[in-house]
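Examining the three-dimensional arrangement
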Amino acid sequence: MVSARIAALVLGAGALVAAAPAPTPTQPAKLQDRAASCTFTDAAVASKSKTACSTIVLSNIAVPSGTTLDMTKLNDGTTVIFEGTTSFGYKEWEGPLISVSGTKITVKGASGHVIDGNGAKWWDGEGSNGGKTKPKFFYAHSLKQSTISNLNVKNTPVQGFSINSATDLVLDHITIDNSAGDITDGGHNTDAFDVGSSSGITISNANIKNQDDCLAINSGTNIHFVDGTCSGGHGLSIGSVGGRSDNTVDGVVIENSTITNSQNGVRIKTVYDATGKVNNVTYKDITLSGITKYGVVIEQDYENGSPTGTPTTGVPITDLTLSGVKGSVSSSATPIYILCGTGSCSDWTWSNVAVTGGKASTECSGVPSGASC
Ligand SMILES: *[C@@H]1O[C@H](CO)[C@@H](O)[C@H](O)[C@H]1NC(C)=O
Ligand SMILES: *[C@@H]1O[C@H](CO)[C@@H](O)[C@H](O)[C@H]1NC(C)=O
């Protein structure tokens, strides 16, 4: 079928050459000779043939250990469909297990599919801080004007979706269930979405069960997280910001989402002694329950992944709106904690912030007008 199509095309191109004196038929010919839909059951064959098909169906693919299911540099407008079970062989390596790049790309899951990261083989409670080297799950890098939707993911070894150098990317109805990692020496640093150096990102209807940030924005502009459900992790986070090549977070809306049974709810961390900025951030209609550390935590003192207790002013947090952030924290938790340097948090507008339970912090400092601790 496919070869018949290509043969017909080659004939057509020949006819064109014969008819026209100075033809340059390579571009149209290339577009036309892409088979409409290709179904692959082997990762290496799929990667090798990816530019020959306008729709790529990845059917029940068992990706060999230590290799990436490589869907990078796809032709513009390509559709990639995960079908059946996608699984991965075990090896200690950095990953990623899956990588997709291109423009106007559609990635989606067929009904009943599952992408199983087989995380239990790597989990040792140490995440990316030690123990086994664990592969990152999915690189959505350099994806432009694209959509990733309806993916059903289980058990990532460590971090899930890495969104970097992406523009105008929608991630809709992504489910990640890492709850099997809620055991001693289980999943750790299983962030669902890490966003860096990206612009125009919408993450809608995410349903996440994990053991680290549901969302972590390290840098980027115009980022929208809406209608999400986060459970078991560390909350909806910005940061830590500072100390990277891109240290600007500007224009974030996180809304209509719930965070349950998590360490934190709303979190913004900036790095001690670093420079950068966090500006124009809104958290709106966020419902918290079963929060074990902080309902709302904003601190300018992070160093090497831990708070120092001493805030610095080089990454100001400005134009921060919290509206309708409600719910409860557990008895040992702190509802709100704010640790800002002198004058480095300003223009905050808080309304309907009602976080109950736990014990009020006695250590807030640099709290700007508009907020309370
Ligand atoms: C703040 O960010 C939002 C979301 O990206 C954007 O729509 C809005 O225009 C920004 N406001 C300003 C004053 O830049
Ligand atoms: C908010 O989230 C709820 C529950 O997920 C959903 O039913 C509702 O449509 C959402 N509302 C808006 C305005 O997005």
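No experiment lies behind these values; they were computed from the predicted model shown.

Roughly 1,000 Å³ of internal volume is contained in the largest pocket. Looking at the largest pocket, it is lined by 48 residues, and the ones nearest its centre are Asp 213, Ser 240, Arg 244, Lys 269 and Gly 305. Counting only elements with at least two residues in the lining of the largest pocket, the list comes to β10 (138–154), β11 (161–164), β13 (193–196), β19 (236–241), β21 (264–271) and β23 (294–303). For the lining of the largest pocket, the element with the most residues is β23, which contributes six residues. Of the residues contributing to the lining of the largest pocket, the split by class is 12 nonpolar, 23 polar and 13 charged. Inspection of the lining of the largest pocket shows a minimum of three residues originating in each of domain 1 (37–161) and domain 2 (213–373).

Here we come to the site of ligand 1. As a matter of local geometry, ligand 1 sits amid Asn 222, Gly 251, Val 253 and Asn 280. Here an oxygen atom of ligand 1 and a side-chain polar atom of Asn 222 are 3.2 Å apart. In the model, an oxygen atom of ligand 1 is placed 2.3 Å from a nitrogen or oxygen of the Asn 280 side chain. For ligand 1, the accessible surface in isolation is 360 Å², of which the surrounding protein chains cover 37%. Per-class residue counts for the shell around ligand 1 are one nonpolar, three polar and no charged.

On to the UniProt feature "active site" (unreviewed entry) in the chain, then. Under the present numbering, the feature "active site" (unreviewed entry) in UniProt falls on His 234. Along the chain, the position of His 234 falls in the loop between β18 (229–231) and β19. Excluding its chain neighbours within four sequence positions, the residues that come into contact with His 234 are Gln 211, Asp 212, Asp 213, Ser 262, Gln 263, Asn 264 and Arg 267. There is a polar contact of 3.4 Å between the side chain of His 234 and the backbone oxygen of Gln 211.

Conventions and cut-offs
- In every chain, residue numbers begin from 1 and rise along the written sequence.
- Written order determines the labels here, with chains lettered from A and ligands numbered from 1.
- For a predicted model such as this one, the threshold for reporting local features is a pLDDT of at least 70, and the threshold for listing and counting side-chain atom pairs is 80 or more; totals across whole chains, interfaces and linings nevertheless cover every residue.
- To obtain the side-chain values, all non-hydrogen atoms of the structure were included, while hydrogens and water were left out.
- Space inside and on the surface of the protein is sampled on a 1 Å grid over the protein atoms alone, with a cavity defined as a set of points where a 1.4 Å probe fits but cannot get out and a pocket as an open set with protein on both sides within 12 Å along at least 5 of 7 lines; lining residues have an atom within 4 Å of a point.
- Grid points are joined across faces, edges and corners, and a volume is the space filled by probe spheres set on the points.
- By the criteria applied, helices consist of DSSP H or I runs no shorter than four residues and strands consist of E runs no shorter than two, each listed in order from the N terminus.
- Amino acids outside the nonpolar list (Ala, Val, Leu, Ile, Met, Phe, Trp, Tyr, Cys, Pro) and the charged list (Asp, Glu, Lys, Arg) are all regarded as polar, and Gly is one of them.
- What marks off one domain from the next here is an automatic or database domain assignment.
- Any residue with a heavy atom positioned within 4 Å of a molecule or strand is treated as near that molecule or strand.
- Any N or O atom pair separated by 3.5 Å or less is treated as a polar contact, with the protein-specific requirement of one donor-capable and one acceptor-capable atom, and with residues adjacent in sequence counted only for side-chain atom pairs.
- Note on areas: Shrake-Rupley, 1.4 Å probe, and residue coverage restricted to the protein chains presented here.
- UniProt positions are given in the numbering used here, feature names are shortened, and annotations may be inferred rather than shown by experiment.
- Any pair of residues with heavy atoms lying within 4.5 Å of one another is described as a contacting pair.

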